[in-house]
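Geometric and topological summary
Residue-level listing of the chains:
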Amino acid sequence: MIGLGTLVNAAAIITGGLTGLVFRKFLQKRYQGAITLLARVVAPIMTQRAVGNLTLVGNVLILCVGVNLIAML
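Residue numbers here run from 1 along each chain, matching the order of that chain's written sequence. Totals for whole chains, interfaces and linings use all residues, but because this is a predicted model, local features are given only for residues with pLDDT of at least 70 and pairs of side-chain atoms are given and counted only at 80 or more. Only hydrogens and water are set aside when side-chain values are computed; all heavy atoms of the structure are taken into account.

Below, the discussion takes up the overall build of the protein. The helix count covers DSSP runs of H or I at least four residues long, the strand count covers runs of E at least two residues long, and both are numbered beginning at the N terminus. In terms of helices and strands, the protein carries three helices and zero strands. Each helix and strand of the protein, ordered N terminal to C terminal, gives the series α-α-α. With the C-alpha coordinates of the protein rotated into their principal frame, the extents come out at 50 × 40 × 15 Å. For each residue, the accessible area found with a 1.4 Å probe, counting protein chains only, is set against the maximum for its type, and the residue is called buried under 20%, exposed over 50%, and partly exposed in between. Buried residues in the protein amount to 0% of all 73 residues. When the accessible surface of the protein is totalled, it reaches about 6800 Å², and 74% of it is carbon and sulfur. A 1.4 Å probe and the Shrake-Rupley method give the accessible areas. Residues count as covered only by the protein chains that appear here.

A contiguous nonpolar patch, built from Ile14, Leu18, Leu21, Val22, Phe23 and Phe26 and spanning about 640 Å² of accessible area, is present on the exposed surface. Sort the elements by how many residues they give to the nonpolar patch and helix H1 (residues 4–22) lands first, with four residues. Within the secondary structure, isoleucine 14 is located in helix H1. Judged by relative accessible area, which is 54%, isoleucine 14 ranks as exposed. Nonpolar side chains (Val, Leu, Ile, Met, Phe, Trp, Tyr) are joined into patches within 5 Å and like charges within 9 Å, using only residues with over 30% relative accessible area and no salt bridge. Here a salt bridge means any side-chain nitrogen of Lys or Arg lying within 4 Å of a carboxyl oxygen belonging to Asp or Glu.

Take the UniProt feature "transmembrane region" (unreviewed entry) in the protein next. In the numbering adopted here, UniProt assigns the feature "transmembrane region" (unreviewed entry) to residues 6–23 and 50–71. Annotated as 94% helix and 0% strand, the span residues 6–23 places its first and last C-alpha atoms 26 Å apart. End C-alpha to end C-alpha, residues 50–71 measures 32 Å, and it is 100% helix and 0% strand. UniProt positions are given in the numbering used here, feature names are shortened, and annotations may be inferred rather than shown by experiment.

All right, on to the environment of threonine 47 then. By the element assignment, threonine 47 lies in the loop between helix H2 (24–42) and helix H3 (48–72). Spatially, the C-alpha atoms of threonine 47 and valine 65 are 27 Å apart, while their sequence positions differ by 18 residues.

Following the sequence through the fold, threonine 19 ends up in helix H1. Judged by relative accessible area, threonine 19 falls into the partly exposed class, the value being 33%. C-alpha separation for the pair threonine 19 and leucine 37, spaced 18 residues apart in sequence, amounts to 24 Å. Polar contacts, as counted here, are pairs of nitrogen or oxygen atoms within 3.5 Å of one another; within protein the pair requires one atom able to donate a hydrogen and one able to accept it, and residues that are adjacent in sequence qualify only if both atoms are side-chain atoms. For threonine 19, the side chain forms a polar contact with the main-chain oxygen of threonine 15, separated by 2.8 Å.

This is the structure in structure tokens:
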């Protein structure tokens, strides 16, 4: 059926938004705690070189998205 994927994606976005509204206080504290713990675990691994490489990969991905958007025009 044509358009089924779009309907499923829209339903998923709406469901996620409503879930966020309902559980925002609880989820916010859990996410903050999880991000803090993850940062402490990963801190020794994340050297300046590793951060630089991640930044490079992120910039290349942004560039690729921009090129794809231009190609769509």
